[in-house]
Structures are given as structure tokens and as C-alpha cells.
Amino acid sequence: MNNNRLLECLAADYSLLRKAAAAGDPAAPVPSCPGWSAADLLTHITAVYMHKTVTMRTGSYPDPWDPDLSGEPLAVLDAAYGALTAEFAARPADSPALTWYEPDQSVGFWIRRMAHESVIHRVDAELAAGLPVTPIPADLAADGVDEVLTAFLAYEAAQSPEEFAAMEGGHLAGPEGEEAIVVRAGEREWTVRPSPTSVRISEGGVEAPRALVAGEPAEVLLWMWGRGGGVEVAGDPAWAAYLRRMLVLVTR
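Computed from a predicted model, the values in this text were never measured in an experiment.

Draft legend 1. Layout of the sheet that holds strand S3 (residues 199-203). Taken in spatial order, the five strands line up as S3-S2-S1-S4-S5 in an open sheet, and their pairing is mixed. The open sheet is flanked by S3 and strand S5 (232-235), the only strands paired with a single partner. In this sheet, adjacent strand axes meet at a mean angle of 20° when their direction is disregarded. Relative to strand S2 (residues 188-194), strand S1 (residues 181-185) runs antiparallel, the two being bridged by five bridges. Counted as the bridge partner of Val183 is Trp190 from S2. The strands touched by helix H8 (residues 237-251) are S1, S2, S3, strand S4 (211-215) and S5; relative to S1, the strand with the most contacts, the crossing angle is about 75°.

Draft legend 2. Layout of the UniProt feature "domain: Mycothiol-dependent maleylpyruvate isomerase metal-binding" (unreviewed entry) in the protein chain. The residues that UniProt annotates with the feature "domain: Mycothiol-dependent maleylpyruvate isomerase metal-binding" (unreviewed entry) are residues 12-125. Its end C-alpha atoms 14 Å apart, residues 12-125 is made of 61% helix and 0% strand.

Draft legend 3. Structural detail: the packing of aromatic side chains. Overall, the coordinates contain twelve aromatic pairs when judged by the stated rule. Ring geometry for Trp100 versus Phe109: centroids 5.3 Å apart, planes at 90°, classification edge-to-face. Since its relative accessible area comes to 5%, Phe109 is described here as buried. Counting every residue linked through ring pairs, the aromatic cluster contains Trp100, Tyr101, Phe109, Trp110, Phe152, Tyr155 and Trp225. Against the face of Trp223 rests Arg244, its NZ or CZ located 5.8 Å from the ring centre.

Draft legend 4. Main features of the nonpolar core. Ranked by internal contacts, the top residues of the largest apolar core, which has 73 residues, are Tyr49, Phe88, Ile136, Val145, Leu153, Leu243 and Met246. The element that contributes the greatest number of residues to this core is helix H4 (residues 107-129), accounting for eleven residues.

Draft legend 5. Up close: the UniProt feature "domain: MDMPI C-terminal" (unreviewed entry) in the protein chain. Per the UniProt record, the feature "domain: MDMPI C-terminal" (unreviewed entry) sits at residues 139-241. Secondary structure content for residues 139-241 is 38% helix and 25% strand, and the end C-alpha separation is 25 Å.

Draft legend 6. Expanded view of the packing of H4 against helix H5 (residues 138-159). Remark: H4 packs on H5, axes separated minimally by 10 Å, with the N-to-C direction vectors making an angle of 110°. By the angle between their axes, H4 is roughly perpendicular relative to H5. Like other packed secondary-structure pairs, H4 and H5 cross with a definite hand, here left-handed. Between H4 and H5, the contacting residues are Arg112, Arg113, His116 and Val119 on the first element and Leu140, Asp143, Gly144, Asp146, Glu147 and Phe152 on the second. Residues that form the contact of H4 with H5 fall into these classes: three nonpolar, two polar and five charged.

Draft legend 7. Representation of the pairing of S2 within the structure. In textbook terms, the turn of a hairpin is the stretch between consecutive antiparallel strands, and for S1 and S2 this stretch comprises two residues, one of which, Gly186, has a positive phi near 65°. Here S2 folds back onto S3, and the loop between the two strands holds four residues.

Draft legend 8. Geometry of the environment of Ala208. With respect to the helices, strands and loops of the structure, Ala208 is situated in the loop between S3 and S4. As a C-alpha pair, Ala208 and Ala180 span 28 residues in sequence and 8.3 Å in three-dimensional space.

Cut-offs and rules
- Residues numbered from 1 in each chain as written.
- Predicted model: local features only at pLDDT ≥ 70, side-chain atom pairs only at ≥ 80, totals over all residues.
- Heavy atoms only, no water.
- Pairing = 2+ DSSP bridges.
- Helix = DSSP H or I, 4+ residues; strand = E, 2+ residues; numbered from the N terminus.
- Axes fitted to C-alpha atoms, helices over the stretch in contact; angles between N-to-C directions.
- Contact = heavy atoms within 4.5 Å.
- UniProt positions renumbered as here; feature names shortened; annotations may be inferred.
- Phe/Tyr/Trp six-rings, centres within 6.5 Å; stacked < 30°, edge-to-face > 60°.
- Buried < 20%, exposed > 50% of the residue type's maximum accessible area, 1.4 Å probe, protein only.
- Lys NZ or Arg CZ within 6 Å of the ring centre and 35° of its normal.
- Core = buried A, V, L, I, M, F, W, Y, C linked by side-chain atoms within 4.5 Å.
- Parallel < 35°, antiparallel > 145°, perpendicular 65-115°, else oblique.
- Left-handed = near helix turned anticlockwise from the far one by under 90°.
- Nonpolar A, V, L, I, M, F, W, Y, C, P; charged D, E, K, R; others polar.

Structure below.
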């Protein structure tokens with residue numbers, strides 16, 4: 001996806017998120033985020049927007065991080081979103097920016113990350129408010145699946161191999177990482193080759209994987225983030241569950 005399209009999606013999902021937050025009860029539980037209230041969700045997304053704005057503006061992570069969240073919550077959220085999008089507008093997408101993902105140290109990384117952060121939490125806000133979940137555009141959802149697999153699963157496993165090796169429930173894959181799980185989101189496919197200490201991701205499928213997880217892009221994205229999702233599993237369901245356990249470890 002190009003950055004203009006990602007910014008368009010960010011704006012649309014922010015509007016929906018804000019609408020849901022305004023319509024719902026701040027004390028209502030968020031079904032997709034156990035232990036969180038709608039107010040907690042709003043605080044989280046506000047603080048995330050603030051943190052990324054300061055990081056881009058200063059070139060370093062704020063430490064200590066004690067954001068000022070005082071004021072009427074929706075007004076504070078609006079101010080945080082306004083500052084974030086102003087920062088995006090002031091910088092070319094390919095200009096340098098500190099990120100946690102070493103392969104991409106650019107403003108464009110944060111445009112993509114904030115678009116996907118917002119769509120997932122927009123779904124959370126709609127669920128908390130008891131509203132119908134607005135469909136996620138297929139192009140955004142497929143890009144989100146790619147982000148989860150490459151920037152979270154493969155990269156985070158490489159950054160913390162000992163923690164990954166000690167994953168709750170253990171590993172089904174052998175040390176050579178020769179077994180494959182295929183993820184299919186609409187017309188796009190990815191092959192996941194895990195081992196107990198790393199994960200290799202390649203775009204495109206393979207024949208006879210241990211498991212195939214497939215569905216419309218939005219359904220696959222929601223499944224990957226633990227928000228339900230109506231996916232179909234072919235092959236060994238234990239290997240599909242293995243993929244979910246890996247995702248839980250690296251996306252928490």
C-alpha cells in the first residue's frame with residue numbers, strides 16, 4: 001500500500017473509532033481486550049498517538065514517558081491525533097524516523113503502523129460500544145496481515161530468540177525450520193517456516209503445508225490479532241493453533 005492510501009485509511013478509522021467512543025459507555029468492557037474498559041482503550045490509543053509524535057519530533061523515545069492525559073478524554077484524543085497527523089504532513093514518508101523495526105527507520109513505518117493500530121482498536125471500540133463492526137477494506141487488511149507476519153512474527157522472534165524458544169505450549173517445528181504453514185488472505189499468500197528460535201516468512205504459498213489458514217483479508221487479520229475472524233483451516237489444526245500461539249507471543 002502506498003502512504004497516501006494508508007493515511008486515508010487512518011483518517012477513516014480514526015473517525016469511526018471516535019464515533020464509537022462517543023457513543024459508548026466509558027465503563028463498558030472491551031470484549032476483545034479482556035480487563036480493559038472503553039475508557040482504558042481510549043487512554044491507550046491516545047497515549048500511543050502521543051508517543052509516536054514525540055518520537056518522530058525528537059528522534060528518540062521519550063524517557064521517562066508520562067504523557068499529560070488530563071482533560072475531557074475525547075478532546076485529548078483529538079489533540080493527540082491532530083498532532084500525529086500534523087507530524088506526518090510535515091515530513092516526507094521516506095525521511096528518517098526512529099522505529100523499533102530496524103529494517104525501516106522512516107516516517108513511512110509509523111504511517112503504516114498507526115494505520116493498523118487504529119483499525120484494530122477501532123474494531124475494539126465498536127465492539128465495546130455494541131455497534132456493528134465496520135468492514136475493513138481488503139487492501140488495508142491484506143497489508144496488515146503482511147505487517148503482522150514480517151514486522152512482528154519474523155522480526156520479533158529474531159530479536160528475542162530465547163523468549164521465543166520458551167513459548168508457552170512449546171514448539172511443533174524442528175530446529176531446521178523446514179515445515180510450512182501457509183496463510184492465505186484473499187488473493188495473497190505467505191509461507192511461514194518456524195523453528196524453535198526463528199521464523200522465516202516468504203510471500204507465496206507452497207504445496208502440502210502442515211496447515212493452511214485462509215479467509216477474506218479482514219477475517220484473517222482479525223484472527224491474527226485475536227479478534228475472532230472467520231478463517232478456514234485445512235491440514236493439521238494443531239499447526240494452525242501453533243501459529244496463533246506464536247502470534248500471541250510477539251504481538252502482546
